[in-house]
Amino acid sequence: EVQISEAGGSLVQAGGSLRLSCSASGFTFDNYAIGWFRQAPGKEREGVASILSSDDTTYYSDSVKGRFTISRDIVKETIFLQMNSLKPEDTGVYFCAIGRGFYKGASPPYVFRQRKYETWGQGTQVTVLQ
């Protein structure tokens, strides 16, 4: 059974930093991706960052590129999202998810197709104050 859980969400002032963690276990298949998504109240859930198991290629949405960094610790089966220079528009529930069938050379739009991600965590709240 694949299990995912997120942690690290908090209340922070604009310009501050947070590090989210995602514990993912129970899977051994190759060519997967771990993604971070977020959803603000009244808005659609959107892709934030993703990382491929095949070659550690990372992807970021335009809104967070240069501010957020996704990484993974394979041994500890943990994925991190370091968020710097936070803005109020970064507020939302952040979800970690895993999907299969992500091969080398995957395009940015493809790695953010939410239906490709089969297992999702419950989310962690991030609130950035003005």
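Worth saying up front: this structure is predicted, and the values here are computed from it rather than measured. (Residues numbered from 1 in each chain as written. Predicted model: local features only at pLDDT ≥ 70, side-chain atom pairs only at ≥ 80, totals over all residues. Heavy atoms only, no water.)

(A) Main features of the sheet that holds strand 8 (residues 78–83). As summarised here, the arrangement of the four strands in space is 1-3-8-7, forming an open sheet in which the pairing is antiparallel. In the strand order of this sheet, the two ends are held by strand 1 (3–7) and strand 7 (68–73), each with one partner. Each strand of the sheet is rotated relative to its neighbour by a mean of 15°, with strand direction disregarded. Two strands pair when backbone bridges link them, and strand 1 and strand 3 (residues 18–25) are joined in this way by five bridges, in the antiparallel orientation. When the sheet's bridge partners are listed, Glu 6 is paired in strand 3 with Cys 22. (Pairing = 2+ DSSP bridges. Helix = DSSP H or I, 4+ residues; strand = E, 2+ residues; numbered from the N terminus. Axes fitted to C-alpha atoms, helices over the stretch in contact; angles between N-to-C directions.)

(B) Spotlight on the pattern of salt bridges. If you walk through the whole model with that rule in mind, you get six salt bridges. One salt bridge in this structure joins Glu 46 and Arg 38, with 2.9 Å as the shortest N-O distance. What makes Glu 46 partly exposed here is its relative accessible area of 35%. With relative accessibility at 5%, the residue Arg 38 sits in the buried group. In this structure, Asp 90 engages Arg 38 in a salt bridge whose closest nitrogen and oxygen atoms are separated by 2.8 Å. (Salt bridge = Lys/Arg side-chain N within 4 Å of Asp/Glu carboxyl O. Buried < 20%, exposed > 50% of the residue type's maximum accessible area, 1.4 Å probe, protein only.)

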